[in-house]
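Below are the chains, spelled out letter by letter.
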2 protein chains.
Amino acid sequence: MTTARRDTYTPQSLLAVAVTVFNERGYDGTSMEHLSKAAGISKSSIYHHVSGKEELLRRAVSRALDGLFGILDEPPAREGRAVERLEYVTRRMVEVLTAELPYVTLLLRVRGNTATERWAMERRREFDHQVAELLKAAAADGDVRGDIEVRLATRLVFGMINSIVEWYRPGRGELDSAEVAEAVAKLVFEGLRKEG
Amino acid sequence: MTTARRDTYTPQSLLAVAVTVFNERGYDGTSMEHLSKAAGISKSSIYHHVSGKEELLRRAVSRALDGLFGILDEPPAREGRAVERLEYVTRRMVEVLTAELPYVTLLLRVRGNTATERWAMERRREFDHQVAELLKAAAADGDVRGDIEVRLATRLVFGMINSIVEWYRPGRGELDSAEVAEAVAKLVFEGLRKEG
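Being a predicted model, the structure only gives us computed values, none of them experimental.

Draft legend 1. Region of interest: the overall build of chain A. For chain A, the helix and strand inventory stands at ten helices and zero strands. Reading the helices (α) and strands (β) of chain A from amino to carboxyl end gives α-α-α-α-α-α-α-α-α-α. For chain A, the spread of C-alpha atoms along the principal axes amounts to about 70 × 35 × 35 Å. Residues counted as buried form 50% of the 196 residues belonging to chain A. In chain A, the proportion of contacts linking residues at least 24 apart, taken out of those at least 6 apart, comes to 66%. Placing the 29 positive and 30 negative side-chain charges of chain A at their respective mean positions leaves the two points 6 Å apart.

Written as structure tokens, this is what we have:
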């Protein structure tokens, strides 16, 4: 038995289109009309998959957040000295960011005008907080320098990592994800200066 | 002799209002109407000072660019070993960014839709290029590590510094400009890990 199909979208492929449009126009600036045009299907076909654009936003930022929080459950993020766990988390953050580039980009741009946006910001702060706690533990162990305030160090490290979304484009073939992760880990933990 | 004054704005104070509005609404999203409302003076009064919003943009980004390029002319940026010059430039970039926060924020958000925006992006790239050259010279001297590609290291360091505009608010009294500059210099040149 065959049925007439109105579109060939899956929830996953529709999400990919929506994220691209959200990143181009901003979430606030995107209407269901824009999504319908970009996907090449009618608005009612979109409503067949999701309740509206806020559900698409929630799914998209959830994908980014699940990737990030997933790192904290991985064994090397849970076992061993705090400084080693922190370095592992730093590398993996870069890998998740590059692997889930449009989703993390959207997460970083969310501004808090709707309940879903505020929830995403809250979850993002919770993730940042957990990484800051790891840094604090590493400082307490005497493994990282104590002369940069933990909150400031966390902000600066996140600032470096998050800025990667501004220029990293997968498939350009210049730098792969592991090379960027390696460079970030070296810079953050050892710094640029050669030991004298 | 007194003359009737339509407004008490100077080119400088009008510029400060315009930059605030540009940063809130985006340059593209700002009309002369928005500027007139924010300044509390008529559009014709604004035209008394400037030819239009693109002139305000040029003046605003020029202020940021003059601050940044000015660093490269300062003696410690010109004399001595490349690694010391680079560290000096890194600290001063943070200081200029925090001192000229709204102007540098605007510069970093410019997207290239008008001739002035493209000119600003070109100048920004030129500044980045000059800092990258300094890093290259420091690597050639053997003073900075050679295992992170110069362009990647430059991007990551600029990413960290530029991210400061996202959270730094002068006058909150938590952290002054010099403390942030010191933290960035330590992180970038020495890294987080305590030498074993």
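Draft legend 2. How the structure looks around the interface of chain A and chain B. Taken residue by residue, the interface counts 40 residues in chain A and 40 residues in chain B. With both chains or domains summed, chain A and chain B bury close to 3700 Å², and 59% of this area falls on carbon and sulfur atoms. The largest share of the area that chain A buries against chain B comes from R145, L192 and R193 of chain A, three residues that together contribute 21% of it. Where chain A touches chain B, the interface holds eight salt bridges. Where chain A packs against chain B, one counts 20 residue pairs in polar contact (both at pLDDT 80 or more). If you list the elements that add at least two residues to the side of chain A that touches chain B, you get α6 (82-99), α9 (150-162) and α10 (177-190) of chain A.

Draft legend 3. Representation of the UniProt feature "domain: HTH tetR-type" (unreviewed entry) in chain A within the structure. Under the feature "domain: HTH tetR-type" (unreviewed entry), the UniProt entry names residues 8-68 of chain A. Structurally, residues 8-68 of chain A comprises 75% helix and 0% strand, and the distance from its first C-alpha atom to its last is 30 Å.

Draft legend 4. Up close: the relation of the copies chain A and chain B. In screw terms, the move from chain A to chain B is a rotation of 180 degrees and a rise of 0.0 Å along the axis, fitting with an RMSD of 0.0 Å. When the rotation and shift are considered jointly, the pair of chain copies conforms to a two-fold rotation axis. A share of 100% of the interface residues of chain A reappears at the interface of chain B, consistent with the copies meeting face to face through the same patch.

Draft legend 5. Molecular detail of the packing of aromatic side chains. All names here are of chain A. For the coordinates displayed, the defined rule picks out eight aromatic pairs over all chains. Taken together, a centroid distance of 6.2 Å and an interplanar angle of 90 degrees make the contact between F127 and F158 edge-to-face. Here F158 lies in helix α9 and F127 lies in helix α8 (residues 115-140), a separation of 31 residues in the sequence. Here F127 matches F158 in class, with each residue buried. Members of the aromatic cluster, joined through ring pairs, are F69, F127 and F158. For the cation-ring pair, R63 lies above Y103, with the distance from its terminal atom to the ring centre recorded as 4.1 Å.

Draft legend 6. Inspection of the environment of I148 of chain A at higher detail. Structurally, the position occupied by I148 of chain A is in the loop between α8 and α9. I148 of chain A sits in the buried class, given a relative accessible area of 5%. Ignoring sequence-local partners within four residues, the contact set of I148 of chain A consists of A153 of chain A together with A183, K186 and L187 of chain B.

Draft legend 7. Structural detail: helix α6 (residues 82-99) of chain B. Given a rise of 1.5 Å per residue, 18 residues ought to cover 26 Å, and the 25 Å separating the end C-alpha atoms of α6 of chain B matches this to within 8%. Inspection of α6 of chain B places A82, V83, L86, E87, V89, T90, R92, M93, V94, V96, L97 and T98 of chain B among the buried residues, and these make up the whole buried set.

Draft legend 8. Broad picture of the side chain of E87 of chain A. Relative to the helices and strands, E87 of chain A resides in helix α6. Residue classification places E87 of chain A among the buried positions, given a relative accessible area of 13%. Only 3.0 Å separates the side chain of E87 of chain A from the side chain of R91 of chain A, close enough to count as a polar contact. Discounting residues that sit within four places of it in the chain, E87 of chain A has contacts with A185 and F189 of chain A together with R193 of chain B.

Draft legend 9. A look at the packing of α8 of chain A against α9 of chain A. Residue and element names in this part refer to chain A. The geometry of α8 relative to α9 is characterised by a closest axis approach of 10 Å and an angle of 120 degrees between their N-to-C directions. Compared by their axis directions, α8 and α9 come out oblique. Between α8 and α9 lies a crossing of right-handed hand. Contact with α8, carried on its side by R124, F127, D128, V131, A132, L135 and K136, involves V150, A153, T154, F158 and N162 of α9 and no other residues of that element. When grouped by side-chain class, the residues that make up the contact of α8 with α9 number seven nonpolar, two polar and three charged.

Draft legend 10. Quick peek at the pattern of salt bridges. The tally for this structure, following the rule as stated, stands at 35 salt bridges over all chains. Across the pair R78 of chain A and D73 of chain A runs a salt bridge, and its minimum N-O distance is 3.7 Å. Here R78 of chain A and D73 of chain A have matching classes, each one exposed. Salt-bridge contacts for E190 of chain B lead to R145 of chain A; the nearest nitrogen and oxygen are separated by 3.1 Å. With E190 of chain B in helix α10 (residues 177-190) and R145 of chain A in the loop between α8 and α9, the pair connects residues from two separate chains. Several salt bridges converge on common partners, so that one network encompasses E84, E87, R91, E182, K186 and E190 of chain A together with R145, D147 and R193 of chain B.

Draft legend 11. Spotlight on helix α8 (residues 115-140) of chain B. Residue and element names in this part refer to chain B. The end-to-end C-alpha distance of α8, which contains 26 residues, comes to 37 Å, matching closely the 38 Å that a straight helix rising 1.5 Å per residue would cover. For α8, the complete set of buried residues consists of T116, E117, A120, F127, V131, A132, L134, L135 and A138. On its buried side, α8 packs onto α4 (53-73), α6, α7 (101-109) and α9 (150-162). Downstream of α8 by one or two residues, G142 has phi in the positive range, about 80 degrees.

Rules behind the numbers
- Residues numbered from 1 in each chain as written.
- Chains lettered and ligands numbered in written order.
- Predicted model: local features only at pLDDT ≥ 70, side-chain atom pairs only at ≥ 80, totals over all residues.
- Heavy atoms only, no water.
- Helix = DSSP H or I, 4+ residues; strand = E, 2+ residues; numbered from the N terminus.
- Buried < 20%, exposed > 50% of the residue type's maximum accessible area, 1.4 Å probe, protein only.
- Contact = heavy atoms within 4.5 Å.
- Lys, Arg positive; Asp, Glu negative; His and termini not counted.
- Charge placed at Lys NZ, Arg CZ, Asp CG, Glu CD.
- Buried area = accessible area lost by both parts, 1.4 Å probe.
- Salt bridge = Lys/Arg side-chain N within 4 Å of Asp/Glu carboxyl O.
- Polar contact = N/O pair within 3.5 Å; in protein donor to acceptor, adjacent residues only side chain to side chain.
- UniProt positions renumbered as here; feature names shortened; annotations may be inferred.
- Least-squares fit on C-alpha atoms with pLDDT ≥ 70 in both.
- Phe/Tyr/Trp six-rings, centres within 6.5 Å; stacked < 30°, edge-to-face > 60°.
- Lys NZ or Arg CZ within 6 Å of the ring centre and 35° of its normal.
- Expected span 1.5 Å × (residues − 1).
- Axes fitted to C-alpha atoms, helices over the stretch in contact; angles between N-to-C directions.
- Parallel < 35°, antiparallel > 145°, perpendicular 65-115°, else oblique.
- Left-handed = near helix turned anticlockwise from the far one by under 90°.
- Nonpolar A, V, L, I, M, F, W, Y, C, P; charged D, E, K, R; others polar.

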